[in-house]
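In case you want the letters, here they are:
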Amino acid sequence: MKVSDFDFELPPERIAQTPAEPRDSARLFAHDLAADASEHVHVRDLARLVTGCDLIVVNDTRVRSARLFARRASSGAVELLLLERLAVDRWRALVRPAARIKPGEELEVEGGGLIARALERDRDGVAWQIDLFAPGGARDQLEVLIERFGQPPLPPYIRRSRADAAQNAADRERYQTIFARELGAVAAPTAGLHFTPRLVDEISALGVEFARVTLHVGEGTFKPVTASDTQEHVMHSERFTLSQATVDAIELCRVRGGRVLAVGTTTVRVLESCVDERGRLRAQSGETRLFLTPGSHFRVVDALLTNFHLPCSTLLMLVSAFAGRERTLRLYREAVEREYRFYSYGDAMLLYNRERDG
């Protein structure tokens, strides 16, 4: 399909700059796929849209404060975005401005607690490999120092001034889901941002169970699709883990006739990546490049809670694969007309069948 087939018009004022407070007060566009009927409620109403037989699967990745500001010896400002830890001290990182950096150059991270040494350009010609270390050599404190001196890697459409200390401090907490525990993402699994402990308790009281997967959202989440045809797009890889405990929970959900509700497209990618040639879900860890577009088959996920995504993005294509392209774009147009808030800090959409099969 043409990538342009997934375009839609989004007024800039519909892009959320801050999340709803409390989190579960965000609006929820709930759409029954079988009936092709919608209702407009709030995330806190999710408890009445699920039943005790259902299973909710969340992504428990934790976002690293991967955005670091540094200075060259010449006093020039440099921004680093840590993408992946390769060894004890070695990282892949985006460096800006990259063209001025030379191999062997040392950059002092603001705050004085970290030094970044540029090594070489990565094979992709975009990222750098760098050594990141504390001047005192405390390797076991590296992650602690990154969290202290770094900032959350908010997407570029969320506008933040470095001088706005209050907003930047607030983002440290609100750009993490309440499920976050496995450090390694450079972006939040944003559908999970809508949950509060109160909502989880209310849903759990119905008998609904929660299960976890881990997918560390990578730099591909920031990259636009540059191909003109979906078949030409090379999907980025992301590291994941699907535990046996979650596989068992899904199998029990099937036995009791419940639905598997995936919270976010990242959760969908993990679950649908782990189905073997016989259609069985297998616990495993690895990397996935799964690219779901209309025509793809969903063998695990029955319902999807997700945010509203960018035009022509792989995330929108996944949602279109689940609900159908024409229907998805129709619902997005309605969401714009009804002034839903879009993207990471925006509102949510639930795609499900109110009546379970059978």
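Residues numbered from 1 in each chain as written. Predicted model: local features only at pLDDT ≥ 70, side-chain atom pairs only at ≥ 80, totals over all residues. Heavy atoms only, no water.

J.: Which parts of the structure should I look at to understand empty space enclosed by the protein?
T.: Per the counting criterion, the structure on display carries three cavities of 30 Å³ or more. By volume, the largest cavity is sized at about 70 Å³. Along the walls of the largest cavity sit Pro19, Ala20, Arg23, Ala26, Leu193, His194, Ser344, Tyr345 and Gly346, which together make up its complete lining. (1 Å grid on protein atoms, 1.4 Å probe; cavity = no way out; pocket = protein on both sides within 12 Å on 5 of 7 lines; lining within 4 Å. Points joined across faces, edges and corners; volume = space filled by probe spheres on them.)

J.: Help me understand the packing of aromatic side chains, please; the structure alone is not making it clear to me.
T.: Centre distance and the angle of the planes are the two values used to describe a pair of aromatic rings. Going through the model one piece at a time under the given rule, you end up with 15 aromatic pairs. Here Phe8 and Phe342 contribute two aromatic rings whose centre-to-centre distance is 6.1 Å and whose plane-to-plane angle is 40°, an arrangement assigned as tilted. Remark: Phe342 occurs in the loop between helix H7 (325-337) and strand E17 (348-352) and Phe8 occurs in the segment before strand E1 (27-32); sequence separation between them is 334 residues. Accessibility classification places Phe8 together with Phe342 in one group, the buried group. Here the aromatic residues Phe8, Phe29, Tyr157, Phe308, Tyr332, Tyr340, Phe342 and Tyr343 are joined through ring pairs into a cluster of three or more. If you follow Arg27 out to its NZ or CZ, it ends over the ring of Tyr340, 3.9 Å from the centre. Between the NZ or CZ atom of Arg162 and the centre of the ring of Phe69, over which it lies, the distance is 3.8 Å. (Phe/Tyr/Trp six-rings, centres within 6.5 Å; stacked < 30°, edge-to-face > 60°. Helix = DSSP H or I, 4+ residues; strand = E, 2+ residues; numbered from the N terminus. Buried < 20%, exposed > 50% of the residue type's maximum accessible area, 1.4 Å probe, protein only. Lys NZ or Arg CZ within 6 Å of the ring centre and 35° of its normal.)

J.: Got a minute to help me understand unusual backbone geometry in this structure?
T.: Residues apart from glycine generally show negative phi values, whereas peptide bonds are mostly found in trans. In this structure, the amide linkage connecting Glu21 to the following residue, Pro22, adopts the cis form with an omega of -5°. Relative to the helices and strands, Pro22 resides in the segment before E1. The phi angle at Cys312 is positive, at roughly 60°, despite the residue not being glycine. Summarising the element assignment, Cys312 is placed in the loop between strand E16 (303-307) and helix H6 (314-323). Judged by its relative accessible area of 18%, Cys312 falls in the buried class.

J.: Can you walk me through the packing of helix H5 (residues 265-273) against H6 in this structure?
T.: Each pair of packed helices gets described by two things: the angle between the helix axes and the distance between those axes. Two elements in contact, H5 and H6, have axes whose closest approach is 11 Å; the angle formed by their N-to-C orientations is 65°. Helix-helix and strand crossings are classified by hand; for H5 and H6 the assignment is left-handed. On H6, the residues touching Thr265, Val268 and Arg269 of H5 are Leu315, Leu318 and Val319. Residues of the contact of H5 with H6, tallied by class, amount to four nonpolar, one polar and one charged. (Axes fitted to C-alpha atoms, helices over the stretch in contact; angles between N-to-C directions. Left-handed = near helix turned anticlockwise from the far one by under 90°. Contact = heavy atoms within 4.5 Å. Nonpolar A, V, L, I, M, F, W, Y, C, P; charged D, E, K, R; others polar.)

J.: Got a minute to help me understand the sheet that holds strand E7 (residues 90-96) in this structure?
T.: Within a sheet, neighbouring strands are paired by backbone hydrogen bonds and run either parallel or antiparallel to one another. Strand order in the closed barrel formed by six strands is E5-E6-E7-E10-E9-E8, and the pairing between neighbours is antiparallel. Between one strand axis and the next, the sheet turns by 45° as a mean value, whatever way the strands run. Sheet topology places strand E5 (residues 67-71) next to strand E8 (residues 106-109); two bridges connect them, and they run antiparallel. Residue pairing in the sheet places Ala70 in a bridge with Val109 of E8. (Pairing = 2+ DSSP bridges.)

J.: I'm lost on the sheet that holds strand E14 (residues 260-263) in this one. Help?
T.: On the basis of which strands lie adjacent, the open sheet formed by nine strands has the order E2-E1-E17-E16-E14-E3-E12-E13-E15 and mixed pairing. Edge positions in the sheet fall to strand E2 (37-42) and strand E15 (284-288), since each of these pairs with one other strand and no more. Strand-to-strand twist across the sheet, computed as the mean angle between neighbouring axes with direction ignored, equals 20°. Each of strand E3 (55-59), strand E12 (209-215), strand E13 (238-242), E14, E15 and E16 touches H5; the most contacted strand, E12, lies at about 85° to it.

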